[in-house]
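Chain by chain, the residues run as shown.
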Amino acid sequence: LQEIIKIKNKKIRIAFISGDIRNSHSVTYFLRTILEKYDKKKYEIYLILNQSISDETTDHFKNFVDQSYELGLKEIGLYATGEPFVVKKLNEYITI
């Protein structure tokens, strides 16, 4: 029972993966609404960028979230132990 109580008090982690967080792209209008208003006490938000073009909009969105990662880098997260979670090919971990 004590383990369940510890889990209940942790933040829910949510990651948004996109290749379109850049100036005037339609996805930024949708995502901005969510990121400006989410409850930071309840949620931990990650932004995973899969794009070659970054601009001031990309930088602005990075400020909304707890952490952001660019898939050009291999490390995209941390295990509960604090060790880096390294991905060679993202499609090995995510099914669309």
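This text gives an overview of the structure that appears in the document.

How each quantity is defined
- Residues numbered from 1 in each chain as written.
- Predicted model: local features only at pLDDT ≥ 70, side-chain atom pairs only at ≥ 80, totals over all residues.
- Heavy atoms only, no water.
- Salt bridge = Lys/Arg side-chain N within 4 Å of Asp/Glu carboxyl O.
- Buried < 20%, exposed > 50% of the residue type's maximum accessible area, 1.4 Å probe, protein only.
- Pairing = 2+ DSSP bridges.
- Helix = DSSP H or I, 4+ residues; strand = E, 2+ residues; numbered from the N terminus.
- Axes fitted to C-alpha atoms, helices over the stretch in contact; angles between N-to-C directions.
- Contact = heavy atoms within 4.5 Å.
- Core = buried A, V, L, I, M, F, W, Y, C linked by side-chain atoms within 4.5 Å.
- Right-handed = clockwise from strand over helix to strand, strands pointing away.

## Considering the pattern of salt bridges
Phase 1 of the analysis: One pass over the structure, following the stated rule, counts 3 salt bridges.
Phase 2 of the analysis: Across the pair arginine 22 and aspartate 20 runs a salt bridge, and its minimum N-O distance is 3.3 Å.
Phase 3 of the analysis: The exposure class assigned to arginine 22 is partly exposed, which follows from its relative accessible area of 23%.
Phase 4 of the analysis: Of the charged contacts in the structure, one is a salt bridge between glutamate 70 and lysine 62, with a shortest N-O distance of 2.8 Å.
Phase 5 of the analysis: Look at glutamate 70 and you get partly exposed, because its relative accessible area is 34%.
Phase 6 of the analysis: The class of lysine 62 is partly exposed, set by a relative accessible area of 24%.

## Here we look at the sheet that holds strand 3 (residues 67-70)
Phase 1 of the analysis: Spatially, 1-2-3 is the arrangement adopted by the 3 strands of the open sheet, whose pairing is parallel. Strand pairing shows two members of the sheet lacking a second neighbour, strand 1 (12-18) and strand 3, which therefore form its edges. On average, each strand axis in the sheet is inclined to that of its neighbour by 20°, with strand direction left out of account.
Phase 2 of the analysis: Along the sheet, helix 2 (residues 26-37) contacts strand 1 and strand 2 (43-49); its crossing angle with strand 1, the most-contacted strand, is approximately 165°.

## What to know about the nonpolar core
Phase 1 of the analysis: Grouped together as the largest cluster of nonpolar side chains are 10 residues: Ile21, Leu31, Leu35, Tyr38, Ile45, Leu47, Leu49, Phe61, Phe64 and Val65.
Phase 2 of the analysis: Within the residue set of this core, elements represented by two or more residues are helix 2 and strand 2.
Phase 3 of the analysis: In terms of residue count, the dominant contributor to this core is strand 2 (3 residues).
Phase 4 of the analysis: Among all residues touching leucine 47, those that are not within four sequence positions of it are Phe16, Ile21, Leu31, Phe61, Lys62, Val65, Gln67, Ser68 and Tyr69.

## Description of the pairing of strand 1
Phase 1 of the analysis: Two elements, strand 1 and strand 2, share 7 bridges in a ladder whose sense is parallel. Residue pairing for strand 2: phenylalanine 16 is matched across the bridge by leucine 47.
Phase 2 of the analysis: Handedness of the crossover joining strand 1 and strand 2 through helix 2: right-handed.

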